[in-house]
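Given next are the chains, with one letter for each unit.
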Amino acid sequence: YPHSLQFYLEPPTESISLVEFESFAIDRLRLLKVVENLGVSYVRSTDSYKTKLENELRRLKFPHRALAEDDYEARRKDHISHFILRLAYCQSEDLRRWFLQQEMDLFRYRFSQLTDGLMQKFLEYVNLSFEAVSEDLKTELANELCASTPGLSLPKVKEQMFYKVGLADAVDLFRTRRVFVKDGFAYVPFKEIAAIVLNNYRTKLSKALALTARSLPSIQSDERLQPLLNHLSHSYVGPDYSVQKNTGKISLEQIDSLSVKSFPLCMRQLHKALRDSHHLRHGGRMQYGLFLKGIGLTLEQALEFWKREFIRGKVDADKFDKGYAYSIRHSYGKEGKRTDYTPYSCMKIIMSNPPSQGDYHGCPFRHSDPELLKQKLQSYKIPPSGITQILELVKGMHYQLACQKYFELTHEVDDIGFSLNHPNQYFTESQRLLSGGREPKKELSTSGNSQQKNNSQESMNLNSTPTSSNTTADTELEGLEAYFTED
């Protein structure tokens, strides 16, 4: 690895253990999640953005110093982990789009950290060594270069190195009128070369993802890799909330008030639908039942809660005992394979089993019509400026960040201090805040894109080690269809 930065054109050929395979992939996924959160919370060129991203690169042991002599292992990890996630995230258009955007932002930051000399070496390394404009030609075109290149005065034009770049490579600069064009070439100052490199990288990575997707059938036949890759593309890397220290401390009478104060929108929606119709269909029962288990309901409480609600509808006590009680015990690991199922993470809710007509499960930010979502937020007394911010995040497909904004608005804080990745995490943090564990602050930000918010989202629960669910999740899912089997 002659450079700390690369276009990832050649896949790794060495053999690695499955443990290292999973470890590398999870660390890179954590890094890309941080890149996503910082990109929404901070302006990319600011010192805050750069400092936080560099700290994360250091912490996860990815290359952060260009051409350092002692970072072979970091470069190896960077190379291998990129290709692992490329396999995991080529499986659908949404996954490819997300992966491409985060990798682009990561590359943009790392390229910006190169010195002029290292930048030139990197361009040669990736065969983008454009023809330098001679001093004589630069002097001849000085006035045109000055007039056509924003931010460059005549003296600066004479100091700056310029390159002749084909229009196809400089299309972004040409479209935004940031370069001088003559005889089919753009005259690009060295400081703008990043746009050329990024465009080139985007094109290569986009094509590579499409090609990788075509190769999936051969990967899917490998029973060792496929469960891992499927899990990574829906991956959640925090605690699994399978063991709750507050088990049995929540009474059934508290659930109504807790649903308003401390439930994320997805669970609040499910609770309201259950109270209104005294029934939830299969997907809703799975999602909500495991969430309630995660916040501390015992098996006995769960049986009582669901039975009490269902017999108020069209299900009599005998039918409940025969059709539903077994499934509830199954979800608590008391029947069947005795698997103790874990509550769903945000990624699982967002990426799998979308709701259809008559369903109430799923993520409201991902699966609701924006107008209906707006009406729901209005009915929950979210202020207009907050609704605008949430809908902007939804439009940008930042569904978890939209939920995070919902948390801030309903709890009147302007910095929640964590990155939201799990409905049970939402509940836990809400209860901590409401019980005095954190100091509430009045919402200050009114900007639509929340770029000014000094958010510490990069924390992301990354100190948590990956749980064993990483390797057992797919085995567990085989039995989940038995949970609440009847509609």
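Reading the values: the criteria
- Residues numbered from 1 in each chain as written.
- Predicted model: local features only at pLDDT ≥ 70, side-chain atom pairs only at ≥ 80, totals over all residues.
- Heavy atoms only, no water.
- UniProt positions renumbered as here; feature names shortened; annotations may be inferred.
- Helix = DSSP H or I, 4+ residues; strand = E, 2+ residues; numbered from the N terminus.
- Contact = heavy atoms within 4.5 Å.
- Core = buried A, V, L, I, M, F, W, Y, C linked by side-chain atoms within 4.5 Å.
- Buried < 20%, exposed > 50% of the residue type's maximum accessible area, 1.4 Å probe, protein only.
- Domains from an automatic or database assignment.
- Pairing = 2+ DSSP bridges.
- Salt bridge = Lys/Arg side-chain N within 4 Å of Asp/Glu carboxyl O.
- Axes fitted to C-alpha atoms, helices over the stretch in contact; angles between N-to-C directions.
- Parallel < 35°, antiparallel > 145°, perpendicular 65-115°, else oblique.
- Left-handed = near helix turned anticlockwise from the far one by under 90°.
- Nonpolar A, V, L, I, M, F, W, Y, C, P; charged D, E, K, R; others polar.

## Regarding the UniProt feature "binding site: [4Fe-4S] cluster" (unreviewed entry) in the chain
Next, step 1: Those places that UniProt annotates as "binding site: [4Fe-4S] cluster" (unreviewed entry) correspond, in this numbering, to Cys266, Cys346, Cys363 and Cys403. The annotated residues occupy 138 residues of the chain but converge on a single region, no pair of C-alpha atoms lying more than 9.8 Å apart.
Next, step 2: Structurally, the position occupied by Cys363 is in the loop between helix H19 (346-351) and helix H20 (364-367).
Next, step 3: Other than its neighbours up to four places away in sequence, Cys363 contacts Ile349, Ile350, Ser368 and Tyr399.
Next, step 4: On the secondary structure map, Cys403 appears in helix H23 (residues 399-411).
Next, step 5: Dropping the residues within four chain positions of it, Cys403 is found in contact with Pro264, Phe365, Leu420 and Tyr426.

## Brief notes about the nonpolar core
Next, step 1: Of all hydrophobic cores here, the largest spans 65 residues; its most connected members are Phe107, Phe111, Phe122, Val188, Ile193 and Leu229.
Next, step 2: No other element matches helix H1 (residues 18-41), which puts 10 residues into this core.
Next, step 3: Each of domain 1 (1-114) and domain 2 (128-197) contributes no fewer than three residues to this core.
Next, step 4: Not counting residues up to four positions away in its chain, the partners in contact with Val188 are Met161, Phe162, Tyr163, Val165, Ala170, Leu173, Val179, Ile193 and Ile196.

## Focus on the sheet that holds strand E3 (residues 180-182)
Next, step 1: Read from one edge to the other, the open sheet built from four strands follows the order E1-E2-E4-E3, with strand pairing classed as antiparallel. The open sheet has two free edges, formed respectively by strand E1 (131-132) and E3, since each of these has just one partner strand.
Next, step 2: As judged from the five bridges shared by strand E2 (residues 162-166) and strand E4 (residues 185-189), these two strands associate in the antiparallel manner. Bridged to Tyr163 within E4 is Val188.

## Quick notes on the pattern of salt bridges
Next, step 1: Applying the stated criterion across every chain, the model contains 30 salt bridges.
Next, step 2: Linking Glu408 and Lys405 is a salt bridge whose minimum nitrogen-to-oxygen distance equals 3.1 Å. Here Lys405 and Glu408 lie together in helix H23, a separation of three residues that amounts to about one turn.

## Examining the pairing of E4
Next, step 1: The element E4 is largely enclosed, with a buried count of four among its five residues.
Next, step 2: The turn linking E3 back onto E4 is made up of two residues, and Asp183 within it adopts a positive phi angle of 50°.

## Section: the environment of Asp27
Next, step 1: Note that Asp27 resides in helix H1.
Next, step 2: For Asp27, a relative accessible area of 13% puts it in the buried group.
Next, step 3: Measuring from C-alpha to C-alpha, the distance between Asp27 and Lys77 comes to 9.4 Å, with 50 residues separating the pair along the chain.
Next, step 4: Filtering out sequence-adjacent residues up to four positions away, Asp27 remains in contact with Leu60, Phe62 and Lys77.

## Details of the packing of H1 against helix H4 (residues 93-112)
Next, step 1: With their axes 9 Å apart at the nearest point, H1 and H4 run at an angle of 80° to one another. The orientation of H1 relative to H4 falls into the category roughly perpendicular. Here Arg28, Leu29, Leu31, Leu32, Lys33, Val35 and Glu36 of H1 lie close against H4, whose contacting residues are Trp98, Phe99, Gln102, Glu103, Asp105 and Leu106.

## Things to note about unusual backbone geometry
Among all residues except glycine, the phi angle is most often negative; among peptide bonds, the trans geometry is most common.
Next, step 1: Even without a glycine there, the phi angle at Lys61 is positive, about 60°.
Next, step 2: Topologically, Lys61 is positioned in the loop between helix H2 (47-59) and helix H3 (72-88).
Next, step 3: Residue Lys61 is classed as exposed on the basis of its relative accessible area, which comes to 59%.
Next, step 4: In this structure, His278 takes a positive phi of about 60° despite not being glycine.

## Details of the packing of H3 against helix H10 (residues 193-214)
Next, step 1: Contact geometry for H3 and H10: axes closest at 9 Å, N-to-C directions at 55°. When the interaxial angle is binned, H3 and H10 end up oblique. Judged by the twist between their axes, the crossing of H3 over H10 is right-handed. Of the residues in H10, those touching H3 at His82, Arg86 and Leu87 are Tyr201, Leu205, Ala208, Leu209 and Thr212.
Next, step 2: Classifying every residue of the contact of H3 with H10 by side-chain character gives five nonpolar, two polar and one charged.

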